[in-house]
Amino acid sequence: EKMTVSVTSNVARRASCYQGMGMMRAYGSAFPAISEQMKAMKKASLLSGDDRSGHAATVFGFVCGLLGASDSEACYMHLYMQARDQVSAAVRMNLIGPL
């Protein structure tokens, strides 16, 4: 409930859930050692009707935990990805020049 409440709009909530589901498929394929856990998480998310476990941030944290990343490493990677994506979007929108 907390994750769903934290998302500001219904559109952003759905986008985060779709991205999380895509991440589950991608990470399950990229890391065979955790594919069974990813399948179980996806199944639980779909069967429960509760989409909290399917949000992108939740899936990312789950995968980092399964792969043995420390809390600080997981935070650093997540912040790096967020900053990278925002700079990339700004370049595509021609708000800033190519780096």
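Structure shown above.
Let me begin by describing the structure that accompanies this report.

Moving on, we get to the overall build of the chain. Looking only at helices and strands, one finds 5 helices and 0 strands in the chain. Each helix and strand of the chain, ordered N terminal to C terminal, gives the series α-α-α-α-α. Classification of the 99 residues of the chain by burial places 24% in the buried group. The contacts in the chain between residues at least 6 apart in sequence include a share of 57% that link residues at least 24 apart. As presented, the chain carries roughly 6900 Å² of accessible surface, and 62% of it is formed by carbon and sulfur atoms.

Okay, the pattern of salt bridges next. Applying the stated rule across the entire model yields 2 salt bridges. With a shortest N-O distance of 3.9 Å, K39 and E36 are connected by a salt bridge. Of this pair, K39 and E36 both sit in helix α3 (residues 35-48), 3 residues apart, roughly one helical turn. Given a relative accessible area of 53%, K39 falls into the exposed group. By relative accessible area, which is 54% here, E36 ends up exposed. Residue R84 pairs with D85 through a salt bridge whose shortest N-O separation is 3.1 Å. What makes D85 partly exposed here is its relative accessible area of 37%.

Here the focus is unusual backbone geometry. We note that N94 has phi near 60°; this positive angle belongs to a residue other than glycine. Tracing the backbone shows N94 in the segment after α5 (71-92). On the accessibility criterion, N94 (65% relative accessible area) is exposed.

Turning next to the packing of helix α2 (residues 10-30) against helix α4 (residues 56-66). At a closest axis distance of 7 Å, the pairing of α2 and α4 adopts a crossing angle of 25°. The angle between α2 and α4 falls in the class roughly parallel. For the pair α2 and α4, the contacting residues are S16, Q19, G20, M23, M24 and Y27 in the first and A56, V59, F60 and V63 in the second.

A word on the layout of surface pockets. Rolling a probe over the atoms, with the probe sized like a water molecule, indicates the empty space that remains. By volume, the largest pocket is sized at about 240 Å³. Lining of the largest pocket is provided by 13 residues; of these, Q19, M23, A56, H78 and Q82 occupy positions nearest its centre. Counting only elements with at least two residues in the lining of the largest pocket, the list comes to α2, α4 and α5. A per-element tally of the lining of the largest pocket places α5 first, with 5 residues. Per-class residue counts for the lining of the largest pocket are 7 nonpolar, 4 polar and 2 charged.

Quick notes on the rules
Residues numbered from 1 in each chain as written. Predicted model: local features only at pLDDT ≥ 70, side-chain atom pairs only at ≥ 80, totals over all residues. Heavy atoms only, no water. Helix = DSSP H or I, 4+ residues; strand = E, 2+ residues; numbered from the N terminus. Buried < 20%, exposed > 50% of the residue type's maximum accessible area, 1.4 Å probe, protein only. Contact = heavy atoms within 4.5 Å. Areas by Shrake-Rupley, 256 points an atom, 1.4 Å probe, with all protein chains shown as cover. Salt bridge = Lys/Arg side-chain N within 4 Å of Asp/Glu carboxyl O. Axes fitted to C-alpha atoms, helices over the stretch in contact; angles between N-to-C directions. Parallel < 35°, antiparallel > 145°, perpendicular 65-115°, else oblique. 1 Å grid on protein atoms, 1.4 Å probe; cavity = no way out; pocket = protein on both sides within 12 Å on 5 of 7 lines; lining within 4 Å. Points joined across faces, edges and corners; volume = space filled by probe spheres on them. Nonpolar A, V, L, I, M, F, W, Y, C, P; charged D, E, K, R; others polar.

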